[in-house]
Amino acid sequence: MADDRVMIHVDQLTKVYGANPKPAVDRISFDVHAGEVLGFVGPNGAGKTTTMKILVSFLAPTSGRATVGGFDVYEQSLEARRKIGYLPEDTPLYRDMTVLEYLQFVARVREIPPARFRARVKDVAERCAIGQRLGSLIGELSKGYRQRVGLAQALLHDPEVLILDEPTSGLDPNQIVEIRNIIKEFGKTKTVIFSTHILPEVQITCSRVIVISDGRIVGDASPTELGRILENERGMELVVEFAGGDAAVSAARDGLEKVSGVVSIKPFTDPGEEQRPGRFLVGTAVGKDVREEIFRAAAGANAKLVEVSRHAPLEDVFRHMTRAPQDRAGA
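Definitions and cut-offs
Residues numbered from 1 in each chain as written. Predicted model: local features only at pLDDT ≥ 70, side-chain atom pairs only at ≥ 80, totals over all residues. Heavy atoms only, no water. Helix = DSSP H or I, 4+ residues; strand = E, 2+ residues; numbered from the N terminus. Buried < 20%, exposed > 50% of the residue type's maximum accessible area, 1.4 Å probe, protein only. Contact = heavy atoms within 4.5 Å. Areas by Shrake-Rupley, 256 points an atom, 1.4 Å probe, with all protein chains shown as cover. Lys, Arg positive; Asp, Glu negative; His and termini not counted. Charge placed at Lys NZ, Arg CZ, Asp CG, Glu CD. Pairing = 2+ DSSP bridges. Axes fitted to C-alpha atoms, helices over the stretch in contact; angles between N-to-C directions.

Asks: So what's going on with the overall build of the chain? Which residues, and what values?
Replies: A count of helical and extended segments in the chain gives 12 helices and 14 strands. With the C-alpha coordinates aligned to their principal axes, the bounding extent of the chain is approximately 75 × 50 × 35 Å. Sorting the 331 residues of the chain into buried and exposed places 47% on the buried side. Nonlocal contacts in the chain, meaning residues at least 24 apart in sequence, comprise 69% of its contacts between residues at least 6 apart. Entry remark: accessible area of the chain is about 16400 Å², with carbon and sulfur atoms responsible for 49%. A distance of 2 Å separates the average location of the 43 positive side-chain charges in the chain from that of its 45 negative side-chain charges.

Spelled out as structure tokens, the structure:
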């Protein structure tokens, strides 16, 4: 759980590459508190990786300022980097080393005392489930195991902040779950920022989401709050399910069509589930709450009301926020 300490502070951060007049990162500002798990999402080229590279002192900003643990990432880069565990999108591994040799190399770079090294290796090996692979050549490991080794090097010096760029990219579903669990476990006591295109990952793992598009922040809230923002701009979508036989379900749907504020009704099925005949996605006008009328429609048709729930997938929020302003207005 987040506390009041600001672990990452970003103020009007801007990055321009060469003679390109359009900034890759354009005056963005945000804070991340201790204990937050922040999802950083946006389309390709939005500025996510550039922002992360600035935070880990890999790139210098064109203007603006960023601090990690109170240290300026440009003026006090060594101090700031000691606070950070970093996993870039392309995992930095030496394939001709064994896993243990590689972690020993990282320990020397991180100036971890030899007396502390064994305990740290045991800890990260358990967390990342690589204990049985310490003697294996990295080049012979699967991509999922290589990603775990990359996470292990990021955790080895027990950093206060973990910054991960697309940590689940290219992994199979089982590997994604494993990496997600590592991130969630770390987030119980540390601060985490990770970028991803897999939006369900954000909903499951993150306490907060920043949406970035064209180098600018276009959304900053919890996954639930982002869904409410979408509702406020284009109306609410509800998943409604009736039961009680075909006639009762049909009558309940007919009742819904007469409710003021209902703008659409269509069959609804969750991905991977079978179609349930009485389940619908009901769209409402902005500012209209029709849940009481839904109950009345069910009662009037002698149908059982099984479910009424808000439906605001993060994919919809993402697409809506990352469109051009004129396109959002017409959505």
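There's plenty left to go through after this.
Asks: Residues and numbers for the sheet that holds strand β8 (residues 191–195), please.
Replies: The pairing of strands in a sheet comes from backbone hydrogen bonds and takes either a parallel or an antiparallel form. Spatially, the six strands line up as an open sheet ordered β6-β7-β8-β3-β9-β10, and their pairing is mixed. What marks the edges here is a single partner per strand, and that holds for β6 (84–87) and β10 (216–221). Within the sheet, the average angular offset between the axes of one strand and its neighbour, ignoring direction, is 15°. As paired elements, strand β7 (residues 161–165) and β8 share five bridges and run parallel to each other.

Asks: Tell me about the pairing of strand β13 (residues 279–284), residues and numbers included.
Replies: Of all six residues making up β13, six are buried, and the element is well covered by its neighbours. Neither face of β13 is exposed, since Arg279, Leu281 and Gly283 on one face and Phe280, Val282 and Thr284 on the opposite face are all buried. Note: strand β11 (residues 237–243) against β13, five bridges, orientation antiparallel. Paired with Val240 across the two strands is Phe280, which belongs to β13. Two strands pair when backbone bridges link them, and strand β12 (residues 262–267) and β13 are joined in this way by five bridges, in the antiparallel orientation. When the sheet's bridge partners are listed, Ser264 is paired in β13 with Gly283.

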